[in-house]
Amino acid sequence: MSNTEQQHPFDEIAVYALDGLEPDERAAVEAHLAGCLVCQAELDGHLATLARLTPDEPASPAVWARITESIAAEGGDVPERPRLEAVPYPGAPRAPEPSPRLGPSAPGAPGAGPRHLARRRRPWERVAALAAAAIVLVAAALGLGYVLGDRGEQQPDLADQADEAIEAGDPVATLATPDGATVARVVVTDTGTGYFLADDLPTLEEGRTYQLWQLDGPQPISLGTVGNGTTPVTSVAVPEGTTTMAVSAEVAGGAVAPTPDQIIASGEAT
Amino acid sequence: MHESISQSSDASLVIAVGRQSMAALEELFRRHGGAVASLARRVTRDTHRAEEVCQAVFTDLWRSPERYDPERGGLRPWLLSLTHRRSVDLVRSESARRRRQEHEAALSPMAVDEVESVVHTTALADEVRRAVHRLPAPEREPILLAYFGDRSYRDTAEMLGLPEGTVKSRIRSGLASLRRALDVEGVRP
């Protein structure tokens, strides 16, 4: 046995990949894996090999319906959003017309949502749904390498709309760096639509993006990515009640939570 | 927009799931739900339980998308590893009486043949089946018993009449051989 094999339990890693260890051994391997990049890579290689054994097949619309029911039953806060377009499952008949994803549809049909998902929502939920929809649009756009607002000519009226909202007296959050320099503003309208103004944000290098966060709750909530600093105005969805916001620099595509040492500026809407 | 979300990478969609996007979860289910169900069905050998596993895997992804680390590999291998773990745990958690009955049956030489039969009769792609059978029997049997037969390596050692350490080392060498055999047969990663 080589020194490497004495240091790394490669045999056990292989058996672990097959879920063939006893519970106590499984726990020991997981403890080792948590701190060993070499064994993580060994395991990942085995998992990739094993994944090649499993054939693809059409996903079941009935199982998807159960998943959505389960999620709704657990939290009751499944955000509704406008359906981008009915996405047929492989092998499933295409619906004659796109239908609202969570609207009335035949039980078991592709994309059919459980009835209680279409319940009447509280006002903040409607705003949250708008935010979720906007995030989906951004996430979807990322697949094409295009972030909403990255091209000024695509949304020529945003700057005018933001100016009108400011003139109308809508709240504006001034985002400032720790040393007090104002680098961006967020205009919050009473419709849930907001405008992110990148007044003086430095341009990020390729592969990075700014991301806007709401900081009023126990955990930061992403309000979406807002470009790399070259987009003067970006439309964002701002949930009702939002006052405190921050902008961070993240990898392209955005992050689930703001990277602590990458928070550029923050401020409150007044 | 249909094109956009359907062309987004798995990693981007997982980020969107973290932002409570059911559209992203739906797309990921469309891409990987069939494979997840296929593996769960093969391990549990029960359609109803396989659906339970599939539901649990995607519900977990909704709850904790941050557990997926794209730097460590593709989403499908990760989802399938969760699927296999849940399936195995489900099968192994059945009553002690049934476990004893299964154990007694498992010790018969037929068990290996039964697992081989599973590989023959289930919906493995032809090239995958050929790759599996490229492996020498001493490497193939422990992998089949553990992966498709939900046997621990100790059970496998007992069934095959081999030392436990030998079974573990054969599983490791067998996985390396399997990767090469899949390459030879052109089974895409």
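Residues numbered from 1 in each chain as written. Chains lettered and ligands numbered in written order. Predicted model: local features only at pLDDT ≥ 70, side-chain atom pairs only at ≥ 80, totals over all residues.

A. The overall build of chain B, seen in detail. Helix and strand content of chain B: 11 helices and zero strands. The buried share of chain B, taken over its 189 residues, is 49%. Restricting to contacts in chain B with at least 6 residues of sequence separation, those with at least 24 account for 68%. (Helix = DSSP H or I, 4+ residues; strand = E, 2+ residues; numbered from the N terminus. Buried ≥ 20, exposed ≤ 12 C-beta atoms within 10 Å, placed from the backbone. Contact = placed C-beta atoms within 7 Å.)

B. Just unusual backbone geometry, in detail. Residues and elements named next belong to chain B. Despite not being glycine, Gln-20 shows a phi value in the positive range, around 70°. Looking at where Gln-20 falls in the secondary structure, it is placed in the loop between α2 (10-18) and α3 (22-44). For Arg-45, which is not glycine, the phi torsion reads 55° and is therefore positive. Overall, the presence of 16 C-beta atoms within 10 Å leaves Arg-45 in the partly exposed class.

C. The arrangement of the pairing of strand β4 (residues 208-214) of chain A in detail. Residues and elements named next belong to chain A. With six of seven residues buried, β4 is to be regarded as a mostly interior element. Here β4 runs beside strand β7 (residues 244-251); their pairing, made up of seven bridges, is antiparallel. Across the sheet, the residue bridging to Leu-212 is Val-247, located in β7. Sheet topology note: the β4/strand β5 (residues 221-225) ladder contains four bridges and is antiparallel. (Pairing = 2+ DSSP bridges.)

D. Geometry of the environment of A:Cys36. Assignment of secondary structure puts A:Cys36 in the loop between α3 (23-33) and α4 (37-51). Placed 28 residues apart in sequence, A:Cys36 and A:His8 show a C-alpha to C-alpha distance of 8.5 Å.

E. How the structure looks around the packing of α3(B) against helix α5 (residues 75-92) of chain B. All names here are of chain B. In contact at an axis separation of 9 Å, α3 and α5 are set at 30° when each is read in the N-to-C sense. The orientation of α3 with respect to α5, classified from their angle, is roughly parallel. The hand of the α3/α5 crossing is right-handed. Where α3 abuts α5, its residues His-32, Ala-35, Val-36, Leu-39, Ala-40, Val-43 and Thr-44 lie against Leu-75, Arg-76, Leu-79, Leu-80, Thr-83, His-84, Ser-87, Val-88, Leu-90 and Val-91. (Axes fitted to C-alpha atoms, helices over the stretch in contact; angles between N-to-C directions. Parallel < 35°, antiparallel > 145°, perpendicular 65-115°, else oblique. Left-handed = near helix turned anticlockwise from the far one by under 90°.)

F. Structural context of the confidence of the model for chain B. All names here are of chain B. When pLDDT is averaged along chain B, the result is 84, and 81% of the positions lie at 70 or above. Per-element confidence in chain B ranges from a low mean pLDDT of 54 for helix α6 (residues 96-106) to a high of 95 for helix α4 (residues 47-63). As scored by the predictor, the complex reaches a pTM of 0.56 and an ipTM of 0.87. (pLDDT = per-residue confidence, 0-100.)

G. Structural detail: the nonpolar core. In this structure, B:Leu25, B:Val36 and B:Ile171 are the most contacted members of the largest nonpolar core, which totals 69 residues. Of all the elements, α3(B) adds the most residues to this core, at 12 residues. Excluding anything up to four places from it in sequence, B:Leu25 contacts B:Val17, B:Phe58, B:Leu61 and B:Trp62. Among the nonpolar cores identified, the runner-up in size contains 31 residues, and A:Ala184, A:Ala198, A:Ala237 and A:Ala249 belong to it. (Core = buried A, V, L, I, M, F, W, Y, C linked by C-beta atoms within 7 Å.)

H. Structural detail: the packing of helix α2 (residues 10-17) of chain A against α4(A). All names here are of chain A. One can describe the packing of α2 onto α4 by two numbers: an axis separation of 9 Å at closest approach and a directional angle of 40°. Considering only the axes of α2 and α4, their crossing is right-handed. Contacts between α2 and α4 involve Phe-10, Ile-13, Ala-14, Tyr-16 and Ala-17 from the former and Cys-39, Glu-42, Leu-43, His-46, Leu-47 and Leu-50 from the latter. Grouping the amino acids of the contact of α2 with α4 by side-chain chemistry returns nine nonpolar, one polar and one charged. (Nonpolar A, V, L, I, M, F, W, Y, C, P; charged D, E, K, R; others polar.)

I. Seen up close, the pairing of strand β3 (residues 193-197) of chain A. All names here are of chain A. Most of β3 is tucked away, with four of its five residues classed as buried. By the bridge criterion, four bridges tie strand β2 (residues 182-188) to β3 in an arrangement that is antiparallel. Across the sheet, the residue bridging to Val-187 is Tyr-195, located in β3. Connecting the antiparallel pair β2 and β3 is a turn made up of four residues, with Gly-192 showing a positive phi of about 95°.

J. Structural context of helix α11 (residues 164-185) of chain B. For α11(B), with 22 residues, the first-to-last C-alpha span of 31 Å sits near the 32 Å given by 1.5 Å per residue. Along α11(B), the residues that are buried comprise B:Val167, B:Lys168, B:Arg170, B:Ile171, B:Arg172, B:Gly174, B:Leu175, B:Leu178, B:Ala181 and B:Leu182. Contacts made by the buried residues of α11(B) are with α2 and α4 of chain A together with α8 (126-132), α9 (137-147) and α10 (153-160) of chain B. Directly after α11(B), the chain includes B:Gly186, whose backbone phi takes a positive value near 75°. (Expected span 1.5 Å × (residues − 1).)

K. Summary view of the environment of A:Ala159. Structurally, the position occupied by A:Ala159 is in helix α7 (residues 158-167). If we ignore the near neighbours within four places in the chain, the residues touching A:Ala159 are A:Pro232 and A:Val233.

L. Representation of the confidence of the model for chain A. Residues and elements named next belong to chain A. Averaged over every residue, the pLDDT of chain A is 71; the share at 70 or more is 65%. Ranking the elements of chain A by mean pLDDT puts helix α6 (residues 123-142) last with 40 and α2 first with 96. A low-confidence stretch, residues 79-155 (pLDDT under 50), is modelled with 154 contacts involving residues beyond four sequence positions or located in other chains.

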